[in-house]
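Here is how the chains run, residue by residue.
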Protein chains: 2
Amino acid sequence: MNSRIPSRERDKEDDLQRKRSKPPQRATIRDVARLSGVSRMTVSRVLSEPDVVLPATRERVAKAIADLGYVPDKAAGSLASRRTGFIALILPTLTNSNFSMVAHGLTEILRERDYDLLIAYTDYDLAEEERQLTNLLARRPEAIVLTGATHRRSAVLSLLRADVPVVEIADLPNQPIEHAVGFSNYEVGRTAARHLISKGFKRIGAIASKNDGDICDHRGEERVCGFEDELRLSGLSTDLVLRNGRAPVSYEHGSTAIGLLLDRAPDIEAVFAVSDLSAVGVVMECQRRGVDVPGRLSVMGFGNFDIGREINPPLTTIHVDFHALGQRAGRLLLELVAGTGEDASEIIDVGLSVVERGSVREANV
Amino acid sequence: MNSRIPSRERDKEDDLQRKRSKPPQRATIRDVARLSGVSRMTVSRVLSEPDVVLPATRERVAKAIADLGYVPDKAAGSLASRRTGFIALILPTLTNSNFSMVAHGLTEILRERDYDLLIAYTDYDLAEEERQLTNLLARRPEAIVLTGATHRRSAVLSLLRADVPVVEIADLPNQPIEHAVGFSNYEVGRTAARHLISKGFKRIGAIASKNDGDICDHRGEERVCGFEDELRLSGLSTDLVLRNGRAPVSYEHGSTAIGLLLDRAPDIEAVFAVSDLSAVGVVMECQRRGVDVPGRLSVMGFGNFDIGREINPPLTTIHVDFHALGQRAGRLLLELVAGTGEDASEIIDVGLSVVERGSVREANV
DNA sequence: CTGAAAGCGCTAACAT
DNA sequence: ATGTTAGCGCTTTCAG
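Looking at an unreviewed UniProt entry, chain A carries the name HTH-type transcriptional regulator GntR, with the source organism given as Paraburkholderia fynbosensis.

Undergrad: Mind showing me how you'd approach the overall build of chain A here?
TA: Along chain A, the regular secondary structure elements total 14 helices and 12 strands. Rg of the C-alpha trace for chain A: 28 Å, well past the compact-globule value of 21 Å for 365 residues, more than 25% over. With respect to the three principal axes, the spread of C-alpha positions in chain A is 95 × 40 × 35 Å. Buried positions account for 53% of the 365 residues belonging to chain A. With the model as given, the accessible surface of chain A reaches about 16,300 Å², and the carbon-plus-sulfur share is 49%. For chain A, the distance from the average position of its 47 positive side-chain charges to the average position of its 52 negative side-chain charges is 8 Å.

Undergrad: Please explain the domain arrangement of chain A as it appears in this structure.
TA: By a widespread convention, an interface's size corresponds to the accessible area lost as its parts come together. All names here are of chain A. Under the domain assignment used here, chain A contains domain 1 (24-66), domain 2 (85-184 + 322-349) and domain 3 (185-320). Look at where the C-alpha atoms of domain 2 and domain 3 centre, and you get two points 29 Å apart. Summing the contributions of domain 2 and of domain 3, the shared interface buries around 1,500 Å²; its carbon and sulfur component is 54%. Considering only the surface of domain 2 that becomes buried against domain 3, Tyr-124, Phe-183 and Ser-184 emerge as the three largest contributors, covering 41% of it. The interface formed by domain 2 and domain 3 contains zero salt bridges. Across the contact surface, domain 2 and domain 3 share nine residue pairs in polar contact (both at pLDDT 80 or more). At the level of secondary structure, the elements contributing two or more residues to the side of domain 2 that touches domain 3 comprise α6 (97-112) and α7 (126-137). Tallying contributions element by element places α6 first for the side of domain 2 that touches domain 3, with three residues.

Undergrad: How should I be thinking about the sheet that holds strand β7 (residues 241-246) of chain A in this particular structure?
TA: Hydrogen bonds between backbone atoms are what pair the strands of a sheet, whose relative direction is either parallel or antiparallel. All names here are of chain A. Across the sheet, which stays open at both edges, the four strands sit in the order β7-β6-β8-β9 with parallel pairing between neighbours. On the outer flanks of this sheet lie β7 and β9 (298-300), each paired with one strand and no other. On average, each strand axis in the sheet is tilted by 20° relative to the strand beside it, whichever way the strands run. Here strand β6 (residues 204-210) runs beside β7; their pairing, made up of four bridges, is parallel. In the sheet register, Ala-206 faces β7, and the bridge partner there is Val-241. The sheet contacts of helix α9 (residues 185-198) involve β6, β8 (270-273) and β9, and relative to β8 the element is tilted by about 165°.

Undergrad: What exactly am I supposed to notice about the interface of chain A and chain B here?
TA: In this complex, chain A contributes 51 residues to the contact, which on the side of chain B involves 51 residues. The largest share of the area that chain A buries against chain B comes from Arg-139, Arg-140 and Glu-310 of chain A, three residues that together contribute 15% of it. Across the contact surface, chain A and chain B share eight salt bridges. Glu-128 of chain B is the salt-bridge partner of Arg-111 of chain A, the closest N and O atoms lying 2.9 Å from each other. Across the contact surface, chain A and chain B share 36 residue pairs in polar contact (both at pLDDT 80 or more). In terms of residue count, α6 of chain A provides more of the side of chain A that touches chain B than any other element does, six residues in total. Class assignment of the residues belonging to the side of chain A that touches chain B gives a composition of 21 nonpolar, 14 polar and 16 charged.

Undergrad: Just to check I follow, could you spell out the relation of the copies chain A and chain B for this structure?
TA: These two copies of the chain differ by a rotation about an axis and a displacement along the same axis. Between chain A and chain B, the superposition needs a rotation of 180° and an axial shift of 0.0 Å, giving an RMSD of 0.1 Å. This pairing of chains is accounted for by a two-fold axis. Residue by residue, 100% of the interface of chain A is reproduced at the interface of chain B, so both copies engage with the same surface.

Undergrad: Before we go on, may I ask you to explain the packing of aromatic side chains in this structure?
TA: Aromatic ring pairs: the centre-centre distance and the angle between the two ring planes describe each pair. Residues and elements named next belong to chain A. What the rule picks out here adds up to six aromatic pairs over all chains. Relative to Phe-272, the ring of Phe-227 lies with its centre 5.0 Å away and its plane at 20°, an arrangement referred to as stacked. With Phe-227 in helix α10 (residues 218-233) and Phe-272 in strand β8, this pair connects stretches of sequence that are 45 residues apart. For Phe-227, a relative accessible area of 0% gives the class buried. Feature note: the residues Phe-183, Phe-302 and Phe-322 constitute an aromatic cluster, connected by ring pairs.

Undergrad: Help me out: how do you make sense of the pairing of strand β4 (residues 166-169) of chain A in this one?
TA: Side chains on a regular strand alternate between the two faces of the sheet. All names here are of chain A. Burial of the side chains of β4 extends over both faces: Val-166 and Glu-168 are buried on one face and Val-167 and Ile-169 on the other. Pairing analysis gives four bridges linking strand β3 (residues 144-147) to β4, with the strands arranged parallel. The residue of β4 that forms the bridge with Leu-146 is Glu-168. Handedness of the β3-helix α8 (residues 153-162)-β4 crossover: right-handed. Of the pairings in the sheet, the one linking β4 to strand β5 (residues 179-182) comprises three bridges and is parallel in character. Considered in β5, the bridge of Val-167 is made with His-179.

Undergrad: In this structure, what is going on with the pairing of β3 of chain A? I would like to understand it.
TA: All names here are of chain A. The alternating pattern of β3 places Ile-144 and Leu-146 on one face and Val-145 and Thr-147 on the opposite face, and all of these are buried. Note: strand β1 (residues 86-91) against β3, three bridges, orientation parallel. By the bridge assignment for β3, Ile-90 is matched with Leu-146.

Undergrad: What is the right way to read helix α14 (residues 322-338) of chain A from this model?
TA: For an α-helix, 3.6 residues make a turn, and residues three or four places apart therefore share a direction. Residue and element names in this part refer to chain A. End to end, α14 covers 24 Å across 17 residues, agreeing with the expected 24 Å (1.5 Å per residue, within 8%). Phe-322, Leu-325, Gly-326, Ala-329, Gly-330, Leu-332, Leu-333, Leu-334 and Leu-336 are the residues of α14 that are buried. Close packing links the buried residues of α14 with β1, α6, β3, β4, β5 and β11 (347-349). Measuring from the side-chain oxygen of the N-cap residue of α14 to the backbone nitrogen of His-323 gives 3.3 Å; that N-cap residue is Asp-321. Of the residues trailing α14, Gly-339 is marked for its positive phi of about 75°.

Undergrad: Got a minute to help me understand the packing of helix α2 (residues 29-36) of chain B against helix α4 (residues 55-68) of chain B in this structure?
TA: A pair of packed helices is characterised by two quantities: the angle between their axes and the separation of those axes. Residues and elements named next belong to chain B. Two elements in contact, α2 and α4, have axes separated by 9 Å at closest approach and are oriented at 125°. Taken together, the axis directions place α2 and α4 in an arrangement best described as oblique. Both α2 and α4 take part in a crossing whose hand is right-handed. Listed contacts from α4 to Asp-31, Val-32, Leu-35 and Ser-36 of α2 are Arg-60, Val-61, Ala-64, Ile-65 and Leu-68. Within the contact of α2 with α4, the residues separate by chemical class into six nonpolar, one polar and two charged.

Undergrad: Sorry if this is basic, but what is going on with the pattern of salt bridges here?
TA: Where charged atoms from two side chains of opposite charge approach closely, those side chains can pair. All told, the structure shown has 49 salt bridges over all chains when counted by the stated rule. Glu-230 of chain A serves as the salt-bridge partner of Arg-190 of chain A, at 2.7 Å between the closest nitrogen and oxygen. Of this pair, Arg-190 of chain A sits in helix α9 while Glu-230 of chain A sits in helix α10, and the two are 40 residues apart along the sequence. Among the ionic contacts, a cluster of salt bridges with common partners joins Asp-263, Glu-285, Arg-288 and Arg-289 of chain A together with Glu-310 of chain B.

Undergrad: Could you clarify how one ought to interpret the packing of α2 of chain B against helix α3 (residues 40-48) of chain B in this entry?
TA: Residues and elements named next belong to chain B. For the pair α2 and α3, the least separation of the axes is 8 Å and the interaxial angle reads 105°. Relative to α3, α2 is oriented roughly perpendicular. Along the contact surface, α2 presents Ile-29, Arg-30, Val-32 and Ala-33, while α3 presents Arg-40, Val-43 and Ser-44. Considering only residue class, the contact of α2 with α3 consists of four nonpolar, one polar and two charged.

Rules behind the numbers
Residues numbered from 1 in each chain as written. Chains lettered and ligands numbered in written order. Predicted model: local features only at pLDDT ≥ 70, side-chain atom pairs only at ≥ 80, totals over all residues. Heavy atoms only, no water. Helix = DSSP H or I, 4+ residues; strand = E, 2+ residues; numbered from the N terminus. Rg over C-alpha atoms; globule rule 2.2 N^0.38 Å. Buried < 20%, exposed > 50% of the residue type's maximum accessible area, 1.4 Å probe, protein only. Areas by Shrake-Rupley, 256 points an atom, 1.4 Å probe, with all protein chains shown as cover. Lys, Arg positive; Asp, Glu negative; His and termini not counted. Charge placed at Lys NZ, Arg CZ, Asp CG, Glu CD. Domains from an automatic or database assignment. Buried area = accessible area lost by both parts, 1.4 Å probe. Salt bridge = Lys/Arg side-chain N within 4 Å of Asp/Glu carboxyl O. Polar contact = N/O pair within 3.5 Å; in protein donor to acceptor, adjacent residues only side chain to side chain. Pairing = 2+ DSSP bridges. Axes fitted to C-alpha atoms, helices over the stretch in contact; angles between N-to-C directions. Contact = heavy atoms within 4.5 Å. Nonpolar A, V, L, I, M, F, W, Y, C, P; charged D, E, K, R; others polar. Least-squares fit on C-alpha atoms with pLDDT ≥ 70 in both. Phe/Tyr/Trp six-rings, centres within 6.5 Å; stacked < 30°, edge-to-face > 60°. Right-handed = clockwise from strand over helix to strand, strands pointing away. Expected span 1.5 Å × (residues − 1). Parallel < 35°, antiparallel > 145°, perpendicular 65-115°, else oblique. Left-handed = near helix turned anticlockwise from the far one by under 90°.

Structural data, given as structure tokens:
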């Protein structure tokens, strides 16, 4: 058994090799080849480019595949072809429906070229992001999608070294790693402020989470910053901007925060929550305290979550089309993995819009 | 170049082989071996069992790894070791926070043994479930976690053929494919009915989605069935049990459905929604219509979602510890991939509990 | 249209 | 403690 058999006989040797293994092994391409009396290459072709195979052969092979329940091993295939056929997506959380929308949009587009999407999440933790990244890189994704514009330096370095296309989503970085598809969270904040100011309010507050080391919602923070800047531009005070609690924000976060704000400044007229989730919490806490929304307090959120449309009054919010964002990112990714398209870094802004509903009214002037 | 070099010189031949390739190639284990003057096996050992390598050698190798930014290729490693190091999880949707909890619980446990979790979702579509499954199987997960007890026959067959451990979660199948960790959705329905009946109500309704071919929420359906059976057992009518709209249920689904029910039977006293989401929709629609909850209508949900605690009145619901469920499934999976543990099919019931809050009151008797 | 050779990057199982 | 051999299951490349 140690005498090397001339290589041109290798495929014929299969029977000998397999005979030693225990019966219930998973079928390989060899088994299919043997059963249908062709070479492994022909089986491979039936799977990847069936048209070049003679119909008769093709059917024989197809039958063998079906009979054996053969499922090709993609890992082995990737190793040989140097194409793993998947793209990685790193999200802060699975629970946010806007991020799910992104995943949906991406999946739809990537499916066109048979790419799989591998989803990982970080719980808003940059250290965890790096851990996930390192892990993912070892599986050789053909491209990587990252959420947000803020990452650990060392994570960015491994990314650069890995020489894999990178797309950042959901925020437009000033210094993108490579490409980006998103919107300006800073502009979201400014837009929200402008909207409330345009309604004639003067005592305007905001609610966000506080940064806690690696655990933070940088996109939310961007939004409050934009909000504050716009207030200042209009000569209004930012005293009622509250950063409290740890990311991610939640219903409860909104309830607690508005309680604090209401106690501190009972004359507050309007408030912007960096997420609809906390905005809903605000509205619910107001219901409990008998604070009329929008009669006494106008409330505005961000994200256009389903629940915002459902509550009473329905929530005025800022909408970003995350599904379209995912699709747009998907298109870009397909170009990148195809090697088509510019080398130049693409920055795509999907924009945003104000959705006016009942939770904001005109100020009494 | 066609004269075969004696095999014991193969590793020494590396330089020649690599010289032809373009410079900026990703570093392989060979590059590391060459740079640190050891064999590839030693590099491999530094990565997998560092203790058996001499400290001096280990450090030389570690330096080379760092200098080259070497990231081992897991796909190649799996091929050789026959261990892919990941487990697949198929969820109906990413948007449901209870399923996210399951993913969290699983991740926590699997991480202990360095297993990755690969998450896929189906949008409650059994055809899509099968598609995902086929796809996943080609990547050779070491185990597969499926949601629910209902699957396409052909999907189950490929699963059986693939000879990969399977765990079904979130429902306890009568005929499990193999193992299951979950709770009885049927019992959820019965428990809800018993709770409402125990409060003295007679005119009791329910709200669920309607099956639509492959797109359906079998677990929700199980819950209404249990609910109906319990009503019958108590001699109550099931006329107010409404199946309407397509899965998954939503806030809006609840609003619409309760509207229908209220119009049809204004004297309805209590209603069970198969999900907190639709239950919240019910409460919101009641607010709009001026129907007092729980004064005129008692409302009960399932799932113990955050929003239920936040609304006014807070929602009475049925709670299942999905995080623990995920962890429990994780433990089972680790046993399965380790080959430890029984061959026998394990069925683990994580139970359920009623969470009494303000949306259900005592009937006026 | 089909096949043989060669090898992807790694590790199990033996050497030494 | 480290190295060598052989090959995981597939595809690329080139020959016929």
